[in-house]
There are 2 protein chains.
Amino acid sequence: MADNERTLANGRARIDFQTDPSRYRHWKLAVDGDIATLTMDVDEKGGLFEGYELKLNSYDLGVDIELADAMERLRFEHPQVKVVLLRSGKPRVFCAGANIRMLAGATHAHKVNFCKFTNETRNGIEDASAASGLKTVCAINGTAAGGGYELALAADYIMLVDDGSSAVALPELPLLAVLPGTGGLTRVTDKRKVRRDHADYFCTTEEGIKGKRAVEWRLVDEVVPGSKFEDAVAARAKELVARSTRGNGATGIRLTPLKRERSADSVEYSAVSVRFQRAERLAIVTLRGPEQPPPRSPEGMVERGAEFWPLRIARELDDAVLDIRLNEFDTATIVFKSSGDPELVLAYDAFLEASKSHWLAHEVAHYWKRVLKRVDLTSRSLVALVEPGSCFAGTVAELVFASDRSYMLIGTREGDNKPPAAMALAEVNFGAYPMSNGLTRLASRFLADPALVEVARAEAGRMLDAETAEQMGLVTFARDDIDFDDEVRVFLEERASFSPDGLTGLEANLRFGGPETMESKIFARLTAWQNWIFQRPNAVGEEGALRRYGTGQRPVFDTKRV
Amino acid sequence: MADNERTLANGRARIDFQTDPSRYRHWKLAVDGDIATLTMDVDEKGGLFEGYELKLNSYDLGVDIELADAMERLRFEHPQVKVVLLRSGKPRVFCAGANIRMLAGATHAHKVNFCKFTNETRNGIEDASAASGLKTVCAINGTAAGGGYELALAADYIMLVDDGSSAVALPELPLLAVLPGTGGLTRVTDKRKVRRDHADYFCTTEEGIKGKRAVEWRLVDEVVPGSKFEDAVAARAKELVARSTRGNGATGIRLTPLKRERSADSVEYSAVSVRFQRAERLAIVTLRGPEQPPPRSPEGMVERGAEFWPLRIARELDDAVLDIRLNEFDTATIVFKSSGDPELVLAYDAFLEASKSHWLAHEVAHYWKRVLKRVDLTSRSLVALVEPGSCFAGTVAELVFASDRSYMLIGTREGDNKPPAAMALAEVNFGAYPMSNGLTRLASRFLADPALVEVARAEAGRMLDAETAEQMGLVTFARDDIDFDDEVRVFLEERASFSPDGLTGLEANLRFGGPETMESKIFARLTAWQNWIFQRPNAVGEEGALRRYGTGQRPVFDTKRV
């Protein structure tokens, strides 16, 4: 079922998530005062892998990496921008969705992680609107099909040209026997709130829906005749600008390239190290605390720019996690470690909290929020080791709460002069970083007894030793020097011995107790069903729809309903 | 991957969902005043299919059909019972969960539908508690592993004997590379609210957890030494009896055997007909309205007993749906039709509403609620055809709202003297029958504009013609005689041409817009992941854990994390 690895284009050995506008091949980012235009103009020859062409503005992961980068740059480099116009650079087509030949030839693991990343990018577009008032208007001048319409669904306002042929469509099911899995079904029902029978009709109608019915059925917000389209788009953008409170004179910072050195078994960033112990199927990710105190003022933070420690380490962590996700499929477990002064971490958290009305502090906090959500959704076992000399405090402590399990060492190690491990909480642990289910990680953790969240809050700022942290429920196990290493070793070996798929399903359930949101539904109800379909012969088998698409041969289906 | 059909035991051709206590092979139902004891004592030789033995109180669908039947009988035949004790009839084992050899040899379609039914049965146990105050105490005297502990999780109160060996366990992942998929993971996180890292430890520890830690980690409510166990169980049961308001002198009705005649292409019940048009992959389910008015008093309803039309037709519909689910996998679409007098249906709904404080009316309404939830969760496309002479009113109209799409005929058919189709709403459409997401079907339908629910409510009792029903959003399309049949035919052909798996995933998303509940999470987040795992070679391949279990050979895993 196409689970051979495919060759990356241009002789590359790994997928790289770092880019910048000067290197974009598929998008153009143009900023004009408080309006930015993001134009999708996919380079057919610019596929990430060999073996397909990105026709009709169809996309692969490489295209989406640029979109994700552009959204981050709008947030950090262009704080004055209030509205993004999402457009196509091609005539008569907005976007044809995920490239089908890419999907048909991709490994299951790549397909699943490609969809996860594109989902995160679309959630990022919505987060820019909800958290920072950066509104998106999607101007569809042509056809938006499949992933193309799903991209539009992430916008605040969808405009469709009324020319008798331009339409929005989710043709995945009739055409390919898969789902509109990049949030499409969930946004149709939960964001656009399309009536379920209308949604059924829409999602089973290959040619999609156009004109007045698209508005009546809530699929788009407005249809406009071609002759008036440009004026209407400009008018809507202006209206949204007038309502936005973003920017107001702020100037951005530059997201400079990450410092990153890769060897066969490691990646070294400025504040993050990744060590691959491939024989044990481990990736050990160590975060280093700040080396200098926070700046004295928000202006000092702006001056530090991308070097400002909380932003720098978050960008590095994000890159490290994505690298493991898409390039290191054999990693069973990510081990989070840290080193540094927990008091300094708390000082940065206090600085961010005190500066939270400053646009940059606000963006940094929301960036951490998104990175931590990415960690929650990473299908690797996660374990935090809280050892002497570590700095799991405040924001960094969120990684302990994001982990499936955590071990904390009591006291010191023999012959080691590092100070005993201490954890500490800060205000940020109680609201700044909600998970995709809408709860903080501590609220998720203490679902049974919300009073324990308040107990923890009362201890904010205090250094908590291992026994205290265990007793407060902040770590799974506190163990002394005699037991710690053995117990951790046994755990890591055991984890590597279990079925990787079983663990993926287990962790996707246990990490998200309690309520669901539209966002969490996308990764649960929708994605889990899509992943199932991505395994079914009716989609991915030799005679399945995904493989047969474009061959002139009709797919052959096993007619059993499961 | 074991997708050959298996042979039913004893030469049976179909799975039959009808049974009664005199025919139970696996359970004993003993009623003693206000306490009933349900004892699981599985007959090893009583497997539903050939090829495995039900050792150690492991179960298959046949065992669960009896449990589901027993729960319904407790509700209708024994309204005086306030507490059910769930026990094992075997020494040292409570229940070993779903039979692994059965699972290993079952088709994917059977596995998925087996799990769906067992989930519905456990939800039924919880519904008995929530809706009718019938509390369940689970007394675990031995080991409750996998599905055995999942069964316990459905109880209100879990007691475990503290004998140094008895434990609760979810060993699915370490042992079989699958999930505890009968609600286990979701009830651990959302009902028992076990801390996520404890849950991680518990679900990856084959031998489970016993004694004090089981209580501390919220896995059970109480552990009791063996010598005091029986007294403690009796005491807890009495305490719950004292707190229950159920019963109070009511005597039950008998759930008499269904009238059912089967031919090759049809099943005829007293008020439901099923016609299989197998060439078109259709099951046409016609509901017949009542032929006599409702009784004048609740006593008259008790007198009619299982013949009381709302109960009789609901039981028949439930049996028909289950029969299609598990015996007619090739059915693509269920077509709901009805015939009869809509005014009479409304009269029954009004009677039930007026009698809702009577125990039997209460049970009938909640029974309908459960049957309708079963319809929502049936993985077949659902369409309602509202034609002249039909009676889609009140309760019966819920099938229109449960359908993926509905067509209503405007006026009459040429040469036909049946009255034009009319739909009507009743109070029951606005609260009595919530879906598993907690919303009524109309609230789900009108998520975008809750005011439309109120508009509909204002029309309750009125006969609504096709154009009115369409305009109010109650049906998808109203079509006249000229277009109706063609349009329906094209729809049904198209539906049969699509990928069955794609439709299953699509419908599982579009039917459940809006909020999620623990119940809906079980069928979404948990089940969808489990179904994915049930397709993965690590579980079901030749070298997978499910196939290799008990062979002495270790499974071989593809180590890729997806």
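Residues numbered from 1 in each chain as written. Chains lettered and ligands numbered in written order. Predicted model: local features only at pLDDT ≥ 70, side-chain atom pairs only at ≥ 80, totals over all residues. Heavy atoms only, no water.

## Notes on the overall build of chain A
Argument step 1. A count of helices and strands for chain A gives 22 helices and 19 strands.
Argument step 2. For 562 residues, the compact-globule estimate of 2.2 N^0.38 gives 24 Å, and chain A sits close to it at 24 Å.
Argument step 3. Taken over the C-alpha atoms alone, chain A extends approximately 75 × 55 × 50 Å along its principal axes.
Argument step 4. When contacts within chain A are restricted to residue pairs at least 6 apart in sequence, those whose partners lie at least 24 apart make up 75%.
Argument step 5. In the form shown here, chain A has an accessible surface area of approximately 19300 Å², with 49% of it arising from carbon and sulfur atoms.
Argument step 6. On chain A, the mean spot of the 73 positive side-chain charges and the mean spot of the 83 negative ones are 6 Å from each other. (Helix = DSSP H or I, 4+ residues; strand = E, 2+ residues; numbered from the N terminus. Rg over C-alpha atoms; globule rule 2.2 N^0.38 Å. Contact = heavy atoms within 4.5 Å. Areas by Shrake-Rupley, 256 points an atom, 1.4 Å probe, with all protein chains shown as cover. Lys, Arg positive; Asp, Glu negative; His and termini not counted. Charge placed at Lys NZ, Arg CZ, Asp CG, Glu CD.)

## Considering helix α20 (residues 518–533) of chain B
Argument step 1. If you check α20 of chain B, its first and last C-alpha atoms are 21 Å apart, about what 16 residues at 1.5 Å a residue would give, namely 22 Å.
Argument step 2. Within α20 of chain B, 14 of the 16 residues are buried, which leaves the element mostly enclosed by the surrounding structure. (Expected span 1.5 Å × (residues − 1). Buried < 20%, exposed > 50% of the residue type's maximum accessible area, 1.4 Å probe, protein only.)

## Observations regarding the nonpolar core
Argument step 1. By size, the foremost hydrophobic cluster in this structure holds 198 residues, and its most contacted members are Tyr149 of chain A together with Tyr149 of chain B.
Argument step 2. Ignoring sequence-local partners within four residues, the contact set of tyrosine 149 of chain A consists of Ala144, Ile158, Val168, Ala169, Leu170, Val188, Phe202 and Leu219 of chain A. (Core = buried A, V, L, I, M, F, W, Y, C linked by side-chain atoms within 4.5 Å.)

## Focus: the interface of chain A and chain B
Argument step 1. With 90 residues of chain A at the interface, the matching set in chain B holds 90 residues.
Argument step 2. Where chain A abuts chain B, roughly 8600 Å² becomes buried across the two surfaces, and 56% of that area is made up of carbon and sulfur atoms.
Argument step 3. The interface formed by chain A and chain B holds 16 salt bridges in total.
Argument step 4. In this structure, the salt-bridge partner of glutamate 516 of chain B is lysine 521 of chain A, at a minimum N-O distance of 4.0 Å.
Argument step 5. For the interface between chain A and chain B, the tally reads 52 residue pairs in polar contact (both at pLDDT 80 or more).
Argument step 6. Along the lines of polarity and charge, the residues of the side of chain A that touches chain B split into 37 nonpolar, 25 polar and 28 charged. (Buried area = accessible area lost by both parts, 1.4 Å probe. Salt bridge = Lys/Arg side-chain N within 4 Å of Asp/Glu carboxyl O. Polar contact = N/O pair within 3.5 Å; in protein donor to acceptor, adjacent residues only side chain to side chain. Nonpolar A, V, L, I, M, F, W, Y, C, P; charged D, E, K, R; others polar.)

## As for the packing of helix α11 (residues 309–327) of chain A against helix α13 (residues 359–376) of chain A
Residue and element names in this part refer to chain A.
Argument step 1. Between α11 and α13, whose axes approach to 10 Å, the crossing angle comes to 20°. The angle between α11 and α13 places the two elements in the roughly parallel class. Handedness of the α11/α13 crossing: left-handed. Seen from α11, the contacting residues are Pro310, Leu311, Ile313, Ala314, Arg315, Leu317, Asp318, Val321, Leu322 and Arg325; seen from α13, they are Val364, Tyr367, Trp368, Val371, Arg374 and Val375. (Axes fitted to C-alpha atoms, helices over the stretch in contact; angles between N-to-C directions. Parallel < 35°, antiparallel > 145°, perpendicular 65-115°, else oblique. Left-handed = near helix turned anticlockwise from the far one by under 90°.)

## Observations concerning the relation of the copies chain A and chain B
Argument step 1. Least-squares fitting of chain A to chain B yields an RMSD of 0.0 Å, with the superposition described by an axial translation of 0.0 Å and a rotation of 180°. In short, the pair behaves as if placed about a two-fold rotation axis. If distances are taken from each C-alpha of chain A to the rotation axis, the shortest is found for tryptophan 532 of chain A, at 2.1 Å.
Argument step 2. Comparing interface residues between copies, 100% of those in chain A also sit at the interface in chain B, which points to an isologous, same-surface contact. (Least-squares fit on C-alpha atoms with pLDDT ≥ 70 in both.)

## What about the environment of threonine 395 of chain A?
All names here are of chain A.
Argument step 1. Position of threonine 395 among the secondary structure elements: in helix α14 (residues 394–402).
Argument step 2. Along the sequence, threonine 395 and proline 293 sit 102 residues apart, while their C-alpha atoms lie 16 Å from each other.
Argument step 3. If sequence neighbours within four positions are ignored, threonine 395 has contacts with Asp349, Trp368, Val428, Asn429 and Tyr433.
Argument step 4. Looking at threonine 395, its side chain comes within polar contact range of the side chain of aspartate 349, at 2.6 Å.

## Side note on the packing of aromatic side chains
Residues and elements named next belong to chain B.
Argument step 1. One pass over the full model with this rule turns up 24 aromatic pairs over all chains.
Argument step 2. Here phenylalanine 76 and tyrosine 367 contribute two aromatic rings whose centre-to-centre distance is 5.8 Å and whose plane-to-plane angle is 80°, an arrangement assigned as edge-to-face. Of this pair, phenylalanine 76 sits in helix α1 (residues 61–76) while tyrosine 367 sits in helix α13 (residues 359–376); the two residues are 291 residues apart in sequence, bridging distant segments of the chain.
Argument step 3. A centroid spacing of 5.7 Å and a plane angle of 50° characterise the contact between tyrosine 407 and phenylalanine 491, whose relative ring orientation is tilted. Remark: phenylalanine 491 occurs in helix α18 (residues 481–497) and tyrosine 407 occurs in strand β18 (residues 405–410); sequence separation between them is 84 residues. (Phe/Tyr/Trp six-rings, centres within 6.5 Å; stacked < 30°, edge-to-face > 60°.)

## Things to note about the side chain of lysine 82 of chain B
Residues and elements named next belong to chain B.
Argument step 1. Examined against the element boundaries, lysine 82 turns out to sit in the loop between α1 and β4 (83–88).
Argument step 2. No salt bridge is formed by the buried lysine 82; the nearest opposite charge belongs to aspartate 34, separated by 5.2 Å.
Argument step 3. In contact with lysine 82, other than residues within four places in its own chain, are Asp34, Gly133, Leu134, Lys135, Val241, Ser244, Arg246 and Asn248.

## Regarding the sheet that holds strand β13 (residues 266–269) of chain A
Residue and element names in this part refer to chain A.
Argument step 1. What the eight strands build is an open sheet, ordered β12-β13-β14-β15-β16-β17-β18-β19; its pairing is mixed. The sheet is open, and its two edges are formed by β12 (260–263) and β19 (477–480), each paired on a single side. This sheet shows a mean twist of 20° between the axes of neighbouring strands, independent of strand direction.
Argument step 2. Pairing geometry for strand β18 (residues 405–410) and β19, over four bridges, is parallel. Counted as the bridge partner of isoleucine 410 is aspartate 480 from β19.
Argument step 3. This element, α11, spans β12, β13, β14 (272–277), β15 (282–288) and β16 (333–339) of the sheet and lies at about 20° to β14. (Pairing = 2+ DSSP bridges.)

## Digging into the confidence of the model for chain A
Argument step 1. Looking at chain A as a whole, the pLDDT averages 97, with 99% of positions reaching at least 70.
Argument step 2. Two numbers describe this predicted complex: its pTM, 0.97, and its ipTM, 0.97. (pLDDT = per-residue confidence, 0-100.)

## Here's the deal with helix α14 (residues 394–402) of chain B
Argument step 1. Summarising burial for α14 of chain B: nine of the nine residues are buried, a large majority.
Argument step 2. Regarding α14 of chain B, the residues found buried are Gly394, Thr395, Val396, Ala397, Glu398, Leu399, Val400, Phe401 and Ala402 of chain B.

## Some words on the packing of helix α20 (residues 518–533) of chain A against helix α19 (residues 500–510) of chain B
Argument step 1. The N-to-C vectors of α20 of chain A and α19 of chain B enclose an angle of 175°; their axes lie 10 Å apart at closest approach. Classified by the angle their axes make, α20 of chain A and α19 of chain B are roughly antiparallel. Side by side, α20 of chain A and α19 of chain B meet where Arg525, Leu526, Trp529, Trp532 and Ile533 of chain A of the first sit next to Asp501, Gly502, Thr504, Gly505, Ala508 and Asn509 of chain B of the second.
Argument step 2. A breakdown of the residues in the contact of α20 of chain A with α19 of chain B according to their chemical character gives five nonpolar, four polar and two charged.

## Looking at the sheet that holds strand β8 (residues 143–145) of chain A
All names here are of chain A.
Argument step 1. The parallel open sheet is built from three strands, whose spatial order is β5-β8-β10. What marks the edges here is a single partner per strand, and that holds for β5 (93–95) and β10 (168–169).
Argument step 2. Sheet analysis places β8 next to β10, joined by two bridges and oriented parallel. When the bridges of β10 are listed, alanine 144 appears paired with valine 168.

## Side note on the side chain of histidine 198 of chain B
Argument step 1. Note that histidine 198 of chain B resides in helix α7 (residues 196–203).
Argument step 2. Looking at histidine 198 of chain B, the relative accessible area reads 11%, which means it is buried.
Argument step 3. Aside from chain neighbours lying at most four places away, what touches histidine 198 of chain B is Thr476 of chain A together with Trp217 of chain B.

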